[in-house]
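Results of the structural survey
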Amino acid sequence: MIVQFAIAVVCALAAGSVHFLALRTAARMLRDRRTAPYPSFIAILLTGTFGQCCAAFLFACGYAFSIQLDLGSLKPADATGFAELFSFSLVNLTTLGLG
């Protein structure tokens, strides 16, 4: 259980760092270019989407690592491949849930 918690903390910190770095970079680039409001909004929205996809990827890697270590209730038979883990990660990360 402690190993699972450690994997979750590492994934959460990495995801938060990716979000922070992506949004900070986008904000700096937009500030220097003096872009109109609508294109700036689109750029920030796309940057946030990119950050969410990166976070989902990181958590999918955490799920795959947990499966390899035989931790938790996820079993190799539950996930047919990395795409399945990525989809599972997106569903849970976006709070859509599974039910």
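Note that this is a predicted model, so its numbers are computed, not measured. (Residues numbered from 1 in each chain as written. Predicted model: local features only at pLDDT ≥ 70, side-chain atom pairs only at ≥ 80, totals over all residues. Heavy atoms only, no water.)

Looking at the packing of helix α1 (residues 2-33) against helix α2 (residues 37-68)
Their axes nearest at 9 Å, the elements α1 and α2 cross at an angle of 160°. The orientation of α1 with respect to α2, classified from their angle, is roughly antiparallel. Like other packed secondary-structure pairs, α1 and α2 cross with a definite hand, here right-handed. Residues belonging to the contact of α1 with α2 are distributed by class as follows: 19 nonpolar, eight polar and no charged. (Axes fitted to C-alpha atoms, helices over the stretch in contact; angles between N-to-C directions. Helix = DSSP H or I, 4+ residues; strand = E, 2+ residues; numbered from the N terminus. Parallel < 35°, antiparallel > 145°, perpendicular 65-115°, else oblique. Left-handed = near helix turned anticlockwise from the far one by under 90°. Nonpolar A, V, L, I, M, F, W, Y, C, P; charged D, E, K, R; others polar.)

Thoughts on the packing of aromatic side chains
Counted under the stated rule, the structure contains two aromatic pairs. With 5.5 Å between their ring centres and 65° between their planes, Phe57 and Phe82 make a pair best called edge-to-face. Pair noted here: Phe57 is in helix α2 and Phe82 is in helix α3 (residues 82-93), with a separation of 25 residues, a long-range link. Classification of Phe82 as partly exposed rests on a relative accessible area of 35%. (Phe/Tyr/Trp six-rings, centres within 6.5 Å; stacked < 30°, edge-to-face > 60°. Buried < 20%, exposed > 50% of the residue type's maximum accessible area, 1.4 Å probe, protein only.)

Concerning the layout of surface pockets
Within this model, the largest pocket holds a volume of roughly 200 Å³. Forming the walls of the largest pocket are Gln4, Ile7, Ala8, Cys11, Phe59, Gly62, Tyr63, Ser66, Leu71, Gly72, Ser73 and Leu74. Secondary structure elements with two or more residues in the lining of the largest pocket: α1 and α2. For the lining of the largest pocket, the per-class residue count stands at seven nonpolar, five polar and no charged. (1 Å grid on protein atoms, 1.4 Å probe; cavity = no way out; pocket = protein on both sides within 12 Å on 5 of 7 lines; lining within 4 Å. Points joined across faces, edges and corners; volume = space filled by probe spheres on them.)

Quick notes on the side chain of Ser40
Within the secondary structure, Ser40 is located in helix α2. Those residues in contact with Ser40 that sit more than four places away from it in its chain are Leu30 and Thr35. (Contact = heavy atoms within 4.5 Å.)

Overview of the side chain of Ser66
Summarising the element assignment, Ser66 is placed in helix α2. Beyond its immediate sequence surroundings of up to four residues, Ser66 is in contact with Ile7 and Leu71.

Description of a nonpolar patch on the surface
On the surface, Val3, Phe65 and Leu69 cluster together into a nonpolar patch covering about 270 Å² of accessible area. You can see Val3 is positioned in helix α1. Given a relative accessible area of 43%, Val3 falls into the partly exposed group. (Patch = residues over 30% accessible without salt bridge, like charges linked within 9 Å, V, L, I, M, F, W, Y side chains within 5 Å. Areas by Shrake-Rupley, 256 points an atom, 1.4 Å probe, with all protein chains shown as cover. Salt bridge = Lys/Arg side-chain N within 4 Å of Asp/Glu carboxyl O.)

Here we look at the state of the cysteines
Considering all chains together, one arrives at zero disulfides under this definition. You can see Cys11 has no disulfide; the closest cysteine sulfur is in Cys61, sitting 7.5 Å from it. With no disulfide partner, Cys53 has as its closest neighbouring cysteine sulfur the one in Cys54, 7.1 Å distant. (Disulfide = S-S within 2.5 Å.)

Describing α2
Over its 32 residues, α2 runs 46 Å from end to end, which matches the ideal 46 Å to within 8%, given 1.5 Å per residue. The elements touched by buried residues of α2 are α1 and α3. Asp70 lies just past α2 and shows a positive phi near 60°. (Expected span 1.5 Å × (residues − 1).)

Functional significance is not addressed by these values, which are geometric in nature.
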